[in-house]
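Here is how the chains run, residue by residue.
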Amino acid sequence: MSHPILCVLRLFKVLHRTRQDVFKDDIRALTAARNKINEEFRKNMQETKAENINQMIKFGSDVEVVLRETVIQGVHVEDNKILLRPRDSLLLENVPYSDTPRKKA
């Protein structure tokens, strides 16, 4: 396994890249997410126990997956309307439900 500091730095970069993708063009959300990521890393900067560091890396990785796979950006277009802007990676093939498995092509 990589050195814990390298894993922490890699996670820091990945979280910020994901933040930029998920909250694209939303200055308020981009800023809030940046501040939260930086705050959490700064708060735990003095941690030295490998077990605790590994738990935090796991938690941060889980957070990144949740952001990347479940957050859909919404934009207010009218008083009571929100336009959803899902990223291409979230769009799935629209296949009707069937009790019988589909044959692979």
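Procedures and definitions
- Residues numbered from 1 in each chain as written.
- Predicted model: local features only at pLDDT ≥ 70, side-chain atom pairs only at ≥ 80, totals over all residues.
- Heavy atoms only, no water.
- UniProt positions renumbered as here; feature names shortened; annotations may be inferred.
- Helix = DSSP H or I, 4+ residues; strand = E, 2+ residues; numbered from the N terminus.
- Buried < 20%, exposed > 50% of the residue type's maximum accessible area, 1.4 Å probe, protein only.
- Polar contact = N/O pair within 3.5 Å; in protein donor to acceptor, adjacent residues only side chain to side chain.
- Pairing = 2+ DSSP bridges.

- In the annotation of an unreviewed UniProt entry, the entry for the protein reads Complex III assembly factor LYRM7, and the organism field reads Paramormyrops kingsleyae.
- Database annotation for the protein, UniProt heading Subcellular location (unreviewed entry): "Mitochondrion matrix".
- Listed under Subunit (unreviewed entry) in UniProt, the entry text for the protein is "Interacts with UQCRFS1."

## A short note on the side chain of E64
Working step 1: Along the chain, E64 turns up in helix α3 (residues 50–70).
Working step 2: Look at E64 and you get buried, because its relative accessible area is 8%.
Working step 3: A distance of 2.8 Å separates polar atoms of two side chains, one belonging to E64 and the other to R68.

## Some points on the pairing of strand β2 (residues 81–85)
Working step 1: Pairing of strand β1 (residues 73–78) with β2 involves 5 bridges; the strand directions are antiparallel. Across the sheet, residue Q73 finds its bridge partner in β2, namely R85.
Working step 2: Between the antiparallel neighbours β1 and β2 lie 2 residues.

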